[in-house]
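As a plain string of letters, each chain reads:
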Amino acid sequence: MTVDRIFDVVADAAPEIRAGLPERRAKAETENVSGETQLEADLWADDLLCERFEDVAGVTWYASEERDEVERVGDDEDGYTVALDPLDGSSNVKSNNPCGTVVGVYDEPLPAPGDSLVAAGFVLYGPTTTMVVARDGEVREYLVEADGRTDLGPVELPDDPVVYGFGGRVPEWTDEFEAFVRDVEEDLKLRYGGAMIADVNQVLVYGGAFGYPGLQSRPGGKLRVHFESVPMAYVVETAGGASSDGSKSLLECDPDSLHERTPTFVGNESVIEALEDALPN
Ligand code: AHG
Ligand code: MN
Ligand code: MN
C-alpha cells in the first residue's frame, strides 16, 4: 500500500541522511523561498528524498520546504502528494543538537486544506534515530537502524502537561500571548531546543505544549503550514492531543499558497484550550 511504501522510503533514507550530516554542516550560497539561508545538508537531504520518491507507485507530487515549486514524480495521475521538511531544525546541525525530517501525505495537490492530510510522521535524529508515524487513527514509534526498523509500540500523549517550549523573541510576542505564557510557566517546565521535531517529540513523551506564535513583525509566525504545522498537528491530534493556529485546529486550515506560514500550537487539550481563550479571536 502506498502509505506504507512512503514511510519505508523515508525510514530507508534516514540512516543515510544522518550519516551524511557531519560533512555537510557548511552554509550553501542559497536561500529558500522563505528567505532562509540553506545549509548544504538542507539541499542534499531534499535532493536525496526527491530522488527516492521518483518512482513510488501511488505518489504523484513531491513538495518540500526547500523547493519553490511542487515537483511531478511518478506516472500516476491522481496519486498522493508527499510534502517534506527534509531537515527540520537544520540550524541545530552546527551546535550538534537534534534535528529531523517531517513527512506529510496529502491526497490532493498542494496548496490543500489540512483535512486532505491522510498520514503524517517524522524522523528524529537524536541520540537514537526514531520515526513516529500517525495513520489510521493511531501513532506508532519505530527505532530506525541501517538494517531496518523496530516497532517500539503506540504513542499516546500523557494526560498531564509537564513541559513547554514557545519560539520567537519575547519582545516580539503579543501582549496576550505573553500573558498566557506567564500562566503556563507557573505549572510547566521550559524545555525549548530550536527544532520543532524534537520539541514536539518531548511533548509526546512527557505531555505539555509546543508552539511558535505569530510575532508582531510577522503575524504568521515562522512555521510552514504544509511542511511543518499540519503534519505535526496530525501526529499530536492522533496521539490524543490538540492543535491550534490560535483560533481553530490546524487541521481545519485552508492555505492559499505552498509556502504559507501559520502560528502553530500543539499539545495537551487543556493547554491549547487555554491558549485559544487567551488570544483575541
Ligand atoms: P527549519 O530548520 O526547517 O527551517 O525549521 C526550524 C524551525 C523549527 O524547527 C523550530 O521550531 C524553529 O524554526 C526554531 O526557530 P528559532 O530559531 O526562532 O527558535
Ligand atoms: Mn522546519
Ligand atoms: Mn527545514
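These notes cover the structure that comes with them. Computed from a predicted structure; not experimentally measured.

## A word on the sheet that holds strand β7 (residues 117-125)
With respect to topology, eight strands assemble into an open sheet ordered β4-β3-β5-β6-β7-β8-β9-β10, the strand pairing being mixed. Sheet topology places β4 (71-72) and β10 (148-154) at the edges, where each strand pairs with a single neighbour. Bridge count for strand β8 (residues 129-135) against strand β9 (residues 138-145) is six bridges, and the pairing is antiparallel. In the sheet register, Val-133 faces β9, and the bridge partner there is Arg-140.

## Considering the site of ligand 1
Around ligand 1 there are 17 residues in total, and Asp-88, Gly-89, Tyr-192, Met-196 and Tyr-212 lie nearest to it. In the model, an oxygen atom of ligand 1 is placed 3.3 Å from a nitrogen or oxygen of the Leu-87 main chain. The contact in question runs from an oxygen atom of ligand 1 to an N or O atom on the side chain of Tyr-212, over 2.7 Å. Elements represented by at least two residues in the shell around ligand 1 include exactly β5 (80-88) and β13 (208-212). With three residues, the top contributor of residues to the shell around ligand 1 is β5. Along the lines of polarity and charge, the residues of the shell around ligand 1 split into seven nonpolar, three polar and seven charged. When residues of the shell around ligand 1 are assigned to domains, at least three map to each of domain 1 (2-154) and domain 2 (163-278).

## A few points about the nonpolar core
Membership of the largest hydrophobic core comes to 56 residues, with the highest contact counts inside it found for Phe-122, Phe-166, Phe-177, Phe-180, Ile-197, Leu-204 and Val-235. At eight residues, helix α6 (residues 225-238) tops the list of elements feeding residues into this core. With residues up to four places along the chain from it excluded, the contact list for Phe-166 reads Trp-173, Phe-177, Phe-180, Val-181, Val-184, Tyr-192, Ala-209, Phe-210, Gly-211 and Phe-265.

## Some words on the pairing of strand β1 (residues 27-31)
In this structure, β1 lies alongside strand β2 (residues 37-39), joined through two bridges in antiparallel fashion. Bridge pairing in β2 places Lys-27 opposite Leu-39. In sequence, β1 turns back onto β2 through a hairpin of five residues, with Gly-35 there showing a positive phi of about 85°.

## Overview of the sheet that holds β13
Strand order in the open sheet formed by five strands is β12-β11-β13-β15-β14, and the pairing between neighbours is mixed. Sheet topology places β12 (189-190) and β14 (242-244) at the edges, where each strand pairs with a single neighbour. The pairing of strand β11 (residues 163-166) with β12 spans two bridges and is classified as parallel. Bridging from a neighbouring strand, Tyr-164 pairs with Leu-190 of β12. Against the sheet, α6 makes contact with β14 and β15 (264-267), and its axis sits at roughly 15° relative to β15, the strand it touches most. Contacts between helix α7 (residues 269-278) and the sheet are confined to β13, β14 and β15, with β14 contributing the most and set at about 25° to the helix.

## Remarks on the pattern of salt bridges
The final tally for this structure, using the stated rule, is 17 salt bridges. For Arg-224, the salt bridge is made with Glu-36, and the minimal N-O distance between the two is 2.7 Å. With a gap of 188 residues between them, Arg-224 in the loop between β13 and α6 and Glu-36 in the loop between β1 and β2 connect regions that are remote in the sequence. A salt bridge links Asp-136 to Arg-135; the shortest N-O distance between them is 3.4 Å.

## Here's the deal with the coordination of the manganese ion (ligand 2)
On the protein side, the manganese ion (ligand 2) has Asp-85 (OD), Asp-88 (OD) and Glu-228 (OE) as donor atoms, found 1.8 to 2.2 Å from it. The sequence motif formed by the donor residues of the manganese ion (ligand 2) is D-x2-D-x139-E. Separating the manganese ion (ligand 2) and the manganese ion (ligand 3) is a distance of 3.7 Å, and Asp-85 donates to both of them. Remark: Glu-228 occurs in helix α6 and Asp-85 occurs in strand β5; sequence separation between them is 143 residues. Take Asp-85: its relative accessible area is 0%, and that puts it in the buried class.

What counts and how
- Residues numbered from 1 in each chain as written.
- Chains lettered and ligands numbered in written order.
- Predicted model: local features only at pLDDT ≥ 70, side-chain atom pairs only at ≥ 80, totals over all residues.
- Heavy atoms only, no water.
- Pairing = 2+ DSSP bridges.
- Helix = DSSP H or I, 4+ residues; strand = E, 2+ residues; numbered from the N terminus.
- Near = heavy atom within 4 Å.
- Polar contact = N/O pair within 3.5 Å; in protein donor to acceptor, adjacent residues only side chain to side chain.
- Nonpolar A, V, L, I, M, F, W, Y, C, P; charged D, E, K, R; others polar.
- Domains from an automatic or database assignment.
- Core = buried A, V, L, I, M, F, W, Y, C linked by side-chain atoms within 4.5 Å.
- Buried < 20%, exposed > 50% of the residue type's maximum accessible area, 1.4 Å probe, protein only.
- Contact = heavy atoms within 4.5 Å.
- Axes fitted to C-alpha atoms, helices over the stretch in contact; angles between N-to-C directions.
- Salt bridge = Lys/Arg side-chain N within 4 Å of Asp/Glu carboxyl O.
- Donors = N, O, S within 2.8 Å, 3.2 Å for Na, K, Ca; no water.

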